[in-house]
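Breakdown of the fold
One-letter residues, chain by chain:
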Amino acid sequence: MSASQTSTADVPTLLVKIFGKDRPGITAGLFDTLAAYSVDVVDIEQVVTRGRLTLCALVTPPPHGLEGDLRATVHSWAESMKMQAEIISGRGDNRPRGLGRSLVTVLGHPLTAEATARIAAKIASVGGNIDRIFRLAKYPVTAVEFAVSGVETELLRTSLVTDAAALGVDVAVVAAGLHRRAQRLVVMDVDSTLIQDEVIELFAAHAGCEDKVAEVTAAAMRGELDFEQSLHARVALLEGLDASVVDKVRSEVRLTPGARTLIRTLKRLGYQVGVVSGGFTQVTDDLKERLGLDFAQANTLEIVDGRLTGRVTGEIVDRAGKARLLRRFAAEAGVPLAQTVAIGDGANDLDMLNAAGLGVAFNAKPVVREAAHTAVNVPFLDTVLYLLGVTREEVEAADTHDER
């Protein structure tokens, strides 16, 4: 039986560490050198930072009497590659990771050393151990992912999210496991999330009642007014507006920076994407077609004889309706609710955010940030991808594929 087939809990091992300027062939060269001594590989870790490589190999010792020769050969090989080598004798493998494994994604613009120190200290204070740190992106924000064990995900989330806002960073905490990459449905709000505008205010500008509508909209988004009542009150102000304004409003809609990248990347990765809106199908149907969305649902402005009547028709999409539609979309997509992601900014998004497996408050009102699983406070919608573990390189690969 080989050493790799036996427990390494308390057997001798060698930690071989190589560091220096990165170039092709270093990893292959090290293991070619070690292969001559019939050692078995127990663990490997490799990191490249600003062109500098650190490669660690944990291996079993060579046959009796050959360790000195192995050490000399590795150092000689490293010198020939203009690298440095360090070999440390010890016993056993890494200690087993604790129960309660989580992935902590930190977004900073910029990510300061102070914020990083505070995040790491908070993880330690609740009994968590940082097993690995990996950079997901360096622009438009710096995004790093901490693999943490030893503490339950919910406790870790509660501890970190409280400090995040004060530190000027965004933090997302999700349970580690295969299901993270299996999240296959993303549903988002439209107004002030997918797009930069409030659609009813665009209509109101053409009706000359923009200030009145904006006042009611702000109160509704803060949770101070019942959404359905505020919807009817605002739409009533549009009575008599010519239906030709629909095309004008569609042309005025501005997508949030990163919106196209977010949707394009999600679609390339096999996700399904939908929108739910307290706005109007006259706009969301157009967005669905333009962006290749799988699902879209909103309220519908009633139009009679070429003019808006000041009423809406059909099922009202309100706070409870958005959560109901998330469940409906998930059922139609064949995706468990635990594997859905919801994104929104207003109080009427809260039920949807809480029902999803991961609820993301995007540049949201305080009441929403406090209640959601995580918050993103930078103006780039595609940063949500980093919360899903998608790297900047994968985003760029999706863009390159679409350009072919």
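Here the structure is a predicted model, which is why all the values come from computation and not from measurement.

1. Some remarks on the pairing of strand E2 (residues 41-49)
Here is the key point about a regular strand: its side chains alternate between the two faces of the sheet. The sheet contact formed by E2 and strand E3 (residues 52-59) spans 8 bridges and is antiparallel. Residue pairing for E3: Val-47 is matched across the bridge by Thr-54. Counted along the chain from E2 to the antiparallel partner E3, the turn is 2 residues long, and its residue Arg-50 has a positive phi close to 50°.

2. Regarding the pattern of salt bridges
Counting across every chain of the model gives 16 salt bridges. Between Arg-250 and Asp-247 there is a salt bridge whose closest N-O contact spans 3.6 Å. Separated by 3 residues within a single helix, Arg-250 and Asp-247 lie in helix H8 (residues 245-252), roughly one turn from each other. What makes Asp-247 exposed here is its relative accessible area of 52%. Shared partners join several salt bridges into a network, and the residues in it are Asp-189, Lys-322 and Asp-349.

3. As for empty space enclosed by the protein
Using the criterion set out here, one finds 1 cavity of 30 Å³ or more in the structure. Computed from the structure, the largest cavity encloses a volume of approximately 130 Å³. Lining the largest cavity are 16 residues, and of these Asp-191, Glu-198, Phe-227, Gly-278 and Gly-279 sit closest to its centre. When residues of the lining of the largest cavity are traced back to their parent elements, those giving at least two are helix H6 (210-221), helix H7 (227-236) and strand E10 (272-280). When the residues that make up the lining of the largest cavity are grouped by side-chain class, the tally is 5 nonpolar, 5 polar and 6 charged.

4. What about the sheet that holds strand E6 (residues 129-137)?
In spatial order, the strands read E6-E7-E5-E8; together these 4 strands make up an open sheet with antiparallel pairing. Edge positions in the sheet fall to E6 and strand E8 (169-175), since each has one partner strand and no second. Taking the axes of each pair of neighbouring strands and ignoring which way they run, one obtains an average angle of 20° across the sheet. Here 7 bridges tie E6 to strand E7 (residues 142-149), and the two strands are oriented antiparallel to one another. Paired with Ala-137 across the bridge in E7 is Ala-143. Each of strand E5 (102-108), E7 and E8 is contacted by helix H4 (residues 153-167), which is oriented at about 170° to E8, the strand it contacts most.

5. Some remarks on the packing of helix H3 (residues 113-125) against H4
At a minimum axis distance of 10 Å, the contact between H3 and H4 shows a crossing angle of 160°. In this view, H3 runs roughly antiparallel relative to H4, as classed from their interaxial angle. H3 and H4 meet at a crossing whose hand is right-handed. Here H3 contributes Ala-115, Arg-118, Ile-119, Lys-122 and Ile-123 to the contact with H4, which in turn contributes Leu-156, Ser-159, Leu-160, Asp-163 and Leu-167.

6. So, the UniProt feature "active site" (unreviewed entry) in the protein
Feature annotation in UniProt assigns "active site" (unreviewed entry) to the following positions: Asp-189 and Asp-191. None of the other annotated residues line the largest cavity; only Asp-189 and Asp-191 do. Inspection of the secondary structure assignment puts Asp-189 in the loop between strand E9 (185-188) and helix H5 (199-207). What Asp-189 contacts, discounting residues up to four positions off in sequence, is Leu-194, Val-276, Ser-277, Lys-322, Ile-343, Gly-344, Asp-345, Asp-349 and Met-352. Here the side chain of Asp-189 touches Thr-193 through a polar contact of 3.2 Å, side chain to side chain.

Here is what the cut-offs are and how they apply
- Residues numbered from 1 in each chain as written.
- Predicted model: local features only at pLDDT ≥ 70, side-chain atom pairs only at ≥ 80, totals over all residues.
- Heavy atoms only, no water.
- Pairing = 2+ DSSP bridges.
- Helix = DSSP H or I, 4+ residues; strand = E, 2+ residues; numbered from the N terminus.
- Salt bridge = Lys/Arg side-chain N within 4 Å of Asp/Glu carboxyl O.
- Buried < 20%, exposed > 50% of the residue type's maximum accessible area, 1.4 Å probe, protein only.
- 1 Å grid on protein atoms, 1.4 Å probe; cavity = no way out; pocket = protein on both sides within 12 Å on 5 of 7 lines; lining within 4 Å.
- Points joined across faces, edges and corners; volume = space filled by probe spheres on them.
- Nonpolar A, V, L, I, M, F, W, Y, C, P; charged D, E, K, R; others polar.
- Axes fitted to C-alpha atoms, helices over the stretch in contact; angles between N-to-C directions.
- Contact = heavy atoms within 4.5 Å.
- Parallel < 35°, antiparallel > 145°, perpendicular 65-115°, else oblique.
- Left-handed = near helix turned anticlockwise from the far one by under 90°.
- UniProt positions renumbered as here; feature names shortened; annotations may be inferred.
- Polar contact = N/O pair within 3.5 Å; in protein donor to acceptor, adjacent residues only side chain to side chain.

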